Amino acid sequence: MGSLKLPFSLQSRHGVHVDYSNSNTGTGDYKRFIIQTLALVDPCRLNYRLSHAKGSRLFTARERKYFYPVSASAQPLTEEIVEDKRLNHSPSGDSIRRKFLEFYAARGHKILPSASLVPEDPTVLLTIAGMLQFKPIFLGKVPREVPCAATSQRCIRTNDIENVGRTSRHQTFFEMLGNFSFGDYFKQEAIRWAWELSTKEFGLPADRLWISVYEDDDETFAIWHDEVGVPTHRIKRLGEEDNFWTSGVTGPCGPCSEIYYDFHPERGHSDVDLGDDTRFIEFYNLVFMQYNKKDDGSLEPLKQKNIDTGLGLERMARVLQQVPNNYETDLIFPIIEKASYLANVSYKSADEPTKTNLKIIGDHMRAIVYLISDGVFPSNIGRGYVVRRLIRRAVRTGRLLGIKGDGMGNLEGAFLPILAKEVINLSINIDPDVKTKTSRILEELKREELRFVLTLERGERLLYQFLADALSTAQTNGTVPCISGKDAFLLYDTYGFPVEITKEVADEHGVGIDMDSFELEMENQRRQSQAAHNTVKLSVENGAELTENIPDTEFLGYSTLSTKAVVEGLLVNGKSVGRVSEGNEVEVLLDRTPFYAESGGQIGDHGFLYVTESENHKEAVVEIKDVRKSMGNIFVHKGIVTEGVIGVGREVEAEVDANLRQRAKVHHTATHLLQAALKKVIGQETSQAGSLVAFDRLRFDFNFNRPLREDELMEIERLINQWVGEATLLETKVMPLTDAKKAGAIAMFGEKYGEQVRVVEVPGVSMELCGAVAGEAFIEYVSSRDNYMKQLCSTLKVNAEDVTTRVNNLLKDLREARSEVSAARAKAAIYKASSVIGKAITVGSSSKIRVLVESMDDIDADALKSAAEYVVDTLQDPAAVVLGSSPDEKRVCLIAAFSPGVINLGIQAGKFIGPIAKLCGGRGGGRPNFAQAGGSEPENLDVALEKARDELVSILSEKTG
């Protein structure tokens, strides 16, 4: 090994200085010396200074994370944090997560995986809390499978997105560590374990921990003080707003208790405010779900008392790693470091605005990657809008930092995929599936970023239009030029323009911004976001009482289409009844059923329930038109009583319509084949995003970044037809979920699986987890299409093989006819324009400018353009022409055409036409010599044209004297 001679010195936080200059040694010995020195002088972390540029390359990224760069002034890490030397270790975020789960596993908790960020609960847009996957258990709608559980749940919250990067703790993506009890243990154990975990497992000093309790919860106060030993001065009673958890207007609720870490104990115990972010951070919340809130606001004790807790992983990491904010923990900081590299800045020496922007990128990238991994792709609605908004914020923030292109020299490239790789590298202990979806994530980010860069550029053009409008309006009205808050918000929300950039550019042009109006628009958006994203609704419904007496339905439909069953319950309009007579709609609950309930995209079975007196006489008949699951695993058979009276307790013969079931089976099997074919033709990265399996058709939704090509569609059809032609028999078997996944089974979208799963395999083609039952509809489809073709042949008077040629010829004739009509309209418009040229007026004394502003009645936009071009050419330079028309009762067209002589006076058609169009409820713009606009208020056209005439005359008169 070669030797190095590098001047090198180390300086610890505590002042220990080690000099290792002018020494010859091998690289390995050199590095070992440094690491050993670190262990001696500062077992946590210490600062370092390398006085040779190559020195920083001595260490790997893993090794460098144990050092902090020293600035010239050798300032401490932060003045806001008082370092606690008793925290003499710096555990990784991964080890904190592991220790939490192991702690509760040792106390009888079942460790369950994180649920998807896309919740099953239709009332919530994204998974915002660890308890969300257990909501049906808390409501009593499904039985508990385990008495208590622990999870590390991935969560997304965007209601406080404006605080991300600006505070020490706000994030859009975070991990919530939680322990849950479903009627097993309650307050005493939850409190004792939370304290033991915090002080013994994580080693937090007891005298740094403060407790909050609900103001009337004497029981919890007593446990903390009498049993745990927390002094009374460090237990604070807080009101309902802070320490009483409710799920909504009604439903499960209860007091909560929180544990806070004190960064500044030297400030004493008087006048303490636990909400002071500069001193405290709340890291563990214990919710004691013990009441049901009724409609009248009264509280009644729950029969099953539950525990719901949440410990913020990033917050605990911040405390244990002794860094000033969540972003500088090892869970996020590697992403920030990569962003710093791309922006060519140093985070440690950066100013606060730069640090804030780097934190925003570090946070948003985690949210973006995990959302896309869970199947949420950018769009303009719902969850897709959330991820699109996060991507756009990250892109525009990168531009603020000065990242150009991919940040690596390719100006046409994208930088988000580079940052995403850092997130993926950190994901292995959070969600191992993320790494398997790397290519899909990177491709989606590259495409979305490059598309948005174009949007940003369009936004820049719109900003300059707003500036021109503001200056023009101010000049006309004698007011101070100002961009409205609504327009500034449009740039921010639609085009991704930070209001800071808008303000900076506006200042350069002497234009202000109505910030009060902008903040009002922002506040409206925040309220909508909070209402949509930050509420988990729980309510104890009437049906919950019914579940106490109704057992789960035994499903027999995999092996039989008919069975005898007992009526366990009847519902009419959601209310329990004892009997239902002929002609009434009813929901029937049976103890067992052959009917498949709607699930995984497949609709419920149809059929009949028969109540028989004797073999040949039916006492009652219920026609079943739908079957769904409710309150867990209770099948609800929806139908109408067509004969007689049906009552609770009666035995019925339940019979599925075999013909319709067979159709559904065929279509369900086809979805498996289609998924297999898609993965084979366009790649394993594609995934199912939904499906419909009906009796007469199927629909298969899937995620992919572009439309399929014709050759791909043909190959998919060929494969499926080949597999169908081979007539391979389906194989089904039940096995543990873990074994099924190891065998390569693919989960179907929308299905929830227990520990035992049913696996459907087409040998050599596909293997998928499936809860559904897997034709004639094809014959009907082909027959219907054949009839359409016959009608088409009859109408066109050609044979089937000549239909394509005949249609192409007709389309060609249609295009030619439209072209002729357009030309005729243009000629008519020019003729009409020639008749009004005589109305042109002359403006100016030094240079005679011909001005014509006229209405052209109902001619369309294309013809209006031709007329304007004709008029401005006929009037000759210098000339200014504005023409308007109303093609129909809901549209306005405006054209402005200025000759070079007018443009040279500083008057541009594109800027002039915008304010005029606003009078007609529209917008417009274009080139200096030619611009067009549209509107939706024809009744204001005359007023707009009059305004255009007056402004042109006024401006031109002023310019020409």
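It should be emphasised that the depicted structure is a prediction, and the values quoted were computed from it without experimental measurement.

Definitions and cut-offs
- Residues numbered from 1 in each chain as written.
- Predicted model: local features only at pLDDT ≥ 70, side-chain atom pairs only at ≥ 80, totals over all residues.
- Heavy atoms only, no water.
- Helix = DSSP H or I, 4+ residues; strand = E, 2+ residues; numbered from the N terminus.
- Buried < 20%, exposed > 50% of the residue type's maximum accessible area, 1.4 Å probe, protein only.
- Areas by Shrake-Rupley, 256 points an atom, 1.4 Å probe, with all protein chains shown as cover.
- Phe/Tyr/Trp six-rings, centres within 6.5 Å; stacked < 30°, edge-to-face > 60°.
- Contact = heavy atoms within 4.5 Å.
- Salt bridge = Lys/Arg side-chain N within 4 Å of Asp/Glu carboxyl O.
- Patch = residues over 30% accessible without salt bridge, like charges linked within 9 Å, V, L, I, M, F, W, Y side chains within 5 Å.
- Arc of directions from axis to C-beta.
- Pairing = 2+ DSSP bridges.
- Axes fitted to C-alpha atoms, helices over the stretch in contact; angles between N-to-C directions.
- Expected span 1.5 Å × (residues − 1).
- Polar contact = N/O pair within 3.5 Å; in protein donor to acceptor, adjacent residues only side chain to side chain.
- Right-handed = clockwise from strand over helix to strand, strands pointing away.
- Parallel < 35°, antiparallel > 145°, perpendicular 65-115°, else oblique.
- Left-handed = near helix turned anticlockwise from the far one by under 90°.
- Nonpolar A, V, L, I, M, F, W, Y, C, P; charged D, E, K, R; others polar.
- Core = buried A, V, L, I, M, F, W, Y, C linked by side-chain atoms within 4.5 Å.

Enquirer: Looking at this model, I keep getting lost on the overall build of the protein. Mind explaining?
Expert: Counting its regular elements, the protein contains 27 helices and 39 strands. Burial status across the protein gives 47% buried among its 961 residues. With an accessible surface of roughly 46,100 Å², the protein has 49% of that area assigned to carbon and sulfur atoms.

Enquirer: How should I be thinking about the packing of aromatic side chains in this particular structure?
Expert: Two numbers describe a pair of aromatic rings. These are the distance of the centres and the angle of the planes. Scanning the model with the defined rule gives 23 aromatic pairs in all. Pairing W210 with F280 gives two aromatic rings, centres 5.6 Å apart and planes at 75 degrees, and the pair type is edge-to-face. You can see W210 sitting in strand β10 (residues 209-214) and its partner F280 sitting in strand β14 (residues 280-293), a full 70 residues away along the chain. Look at W210 and you get buried, because its relative accessible area is 0%. With relative accessibility at 3%, the residue F280 sits in the buried group. Aromatic rings pair up to connect F100, F103, Y104, Y185 and W193 into one cluster.

Enquirer: Would you mind going over the environment of P594 with me for this structure?
Expert: For P594, the location among the structural elements is in the loop between β23 (592-593) and β24 (607-614). Distance in space between the C-alpha atoms of P594 and V656 is 6.8 Å, their sequence separation being 62 residues. Excluding its chain neighbours within four sequence positions, the residues that come into contact with P594 are F555, L556, G557, T560, L561, S562, T563, D605, A654, V656 and R661.

Enquirer: Help me understand the pattern of salt bridges, please; the structure alone is not making it clear to me.
Expert: Think of it this way: side chains of opposite charge can pair up when their charged atoms draw near. All told, the structure shown has 39 salt bridges when counted by the stated rule. The salt bridge involving E328 is made with K348; its shortest N-O contact spans 3.3 Å. Of this pair, E328 sits in the loop between α8 (313-321) and α9 (333-343) while K348 sits in the loop between α9 and α10 (352-373); the two residues are 20 residues apart in sequence, bridging distant segments of the chain. Each of D94, R97 and E175 takes part in one network of salt bridges that share partners.

Enquirer: Any chance you could explain a nonpolar patch on the surface here in plain terms?
Expert: Together, V807, L811 and L814 make up a nonpolar patch on the protein surface, roughly 210 Å² of accessible area in all. Relative to the assigned elements, V807 resides in helix α23 (residues 803-836). V807 sits in the partly exposed class, given a relative accessible area of 30%.

Enquirer: What exactly am I supposed to notice about helix α6 (residues 218-228) here?
Expert: Residues spaced three or four apart along an α-helix point in a common direction, a consequence of the helix completing one turn every 3.6 residues. Among the residues of α6, T220, F221, I223 and W224 are the ones counted as buried. Angular distribution of buried residues about the axis of α6 spans 160 degrees; they occupy a single face of the element. Of the surrounding elements, those touching the buried residues of α6 are α5 (187-201), β10, β11 (235-238), β13 (251-262) and β14. Just beyond α6, the residue with positive phi is G229, at close to 95 degrees.

Enquirer: What should I look at first to understand the sheet that holds strand β36 (residues 879-888) in this one?
Expert: Each strand in a sheet pairs with its neighbour through backbone hydrogen bonds, running either in the same direction (parallel) or in the opposite one (antiparallel). Across the sheet, six strands lie side by side as β34-β35-β36-β37-β39-β38; this open sheet has mixed pairing. Both outer strands of the open sheet, β34 (841-843) and β38 (923-926), are each paired with one neighbouring strand and no more. For this sheet the average axis-to-axis angle between neighbouring strands, irrespective of direction, equals 20 degrees. Packed on one face of the sheet, helix α26 (residues 909-918) meets β36, β37 (891-898), β38 and β39 (930-935) and runs near 170 degrees to β38.

Enquirer: What is the right way to read helix α19 (residues 658-682) from this model?
Expert: Taking 1.5 Å of rise per residue, the 25 residues of α19 would be expected to cover 36 Å, and the 36 Å separating its terminal C-alpha atoms lies within 8% of that figure. Structurally, the start of α19 carries an N-cap: the backbone nitrogen of N659 is 3.1 Å from a side-chain oxygen of D657. Count one or two residues on from α19 and you reach G683, which has phi positive near 120 degrees.

Enquirer: Is there a simple way to explain the pairing of strand β15 (residues 299-312) in this structure?
Expert: Side-chain positions along a regular strand alternate between the two faces of the sheet. With five bridges joining them, strand β9 (residues 173-182) and β15 adopt antiparallel strand pairing. Residue pairing across strands places F180 opposite D308, the latter belonging to β15. Relative to β15, β14 is paired through nine bridges, and the arrangement is antiparallel. In the sheet register, N292 faces β15, and the bridge partner there is E300. Taken together, β14 and the strand that follows it, β15, pair antiparallel across an intervening segment of five residues, in which G297 is found at a positive phi of about 90 degrees.

Enquirer: I tried to follow the pairing of β10 on my own but got confused; where do I start?
Expert: A large share of β10 lies buried, amounting to six of its six residues. Burial along β10 is two-sided: L209, I211 and V213 and W210, S212 and Y214, pointing in opposite directions, are all buried. Here β10 pairs with β13 via four bridges, running antiparallel. Within the sheet, the bridge partner assigned to S212 lies in β13 and is E258. In terms of strand pairing, β10 meets β11 through four bridges, oriented parallel. Looking across to β11, one finds that V213 is bridged to R237. Since β10 and β11 lie parallel, the crossover through α6 that links them has a hand, and here it is right-handed.

Enquirer: Could you clarify how one ought to interpret the packing of helix α11 (residues 382-401) against helix α14 (residues 438-477) in this entry?
Expert: Between two packed helices, the angle of one axis relative to the other and the distance separating the axes together describe the packing. It is the contact of α11 with α14, at a shortest axis distance of 10 Å, that shows an interaxial angle of 65 degrees. It follows from the interaxial angle that α11 and α14 lie roughly perpendicular. The interaxial crossing formed by α11 with α14 has right-handed handedness. Where α11 abuts α14, its residues R388, I391, R392, V395, R396 and R399 lie against L445, E448, E449, R451, F452, V453, T455, L456 and E460. Among the residues forming the contact of α11 with α14, the class breakdown is six nonpolar, one polar and eight charged.

Enquirer: Just to check I follow, could you spell out the nonpolar core for this structure?
Expert: The nonpolar side chains of a soluble globular protein tend to be buried with one another. Counting residues in each nonpolar core, the largest one holds 109 residues, and the members touching the most others are W224, Y284 and M365. Counting 26 residues, the second largest nonpolar core, distinct from the first, contains A896, F898, I907 and L945.

Enquirer: Explain the environment of C920 here, please?
Expert: Residue position: C920 is located in the loop between α26 and β38. Take C920: its relative accessible area is 0%, and that puts it in the buried class. In this structure, the C-alpha to C-alpha distance between C920 and L941, residues 21 residues apart in sequence, is 6.2 Å.

Enquirer: What should I look at first to understand the packing of helix α3 (residues 93-105) against α8 in this one?
Expert: Packing of α3 against α8 brings their axes to within 10 Å, and their N-to-C directions diverge by 115 degrees. Judged by the sense of rotation from one axis to the other, the crossing of α3 with α8 is right-handed. Across the interface between the two elements, G93, I96 and R97 of α3 pack against L313, M316, A317, L320 and Q321 of α8.

Enquirer: I tried to follow the side chain of D217 on my own but got confused; where do I start?
Expert: On the secondary structure map, D217 appears in the loop between β10 and α6. A residue is classified by how much of its surface remains accessible, and D217, at 7% relative accessible area, is buried. Among all residues touching D217, those that are not within four sequence positions of it are K187, R237, P255 and F288.

From the geometry alone we can't say anything about function, so treat these as descriptive.
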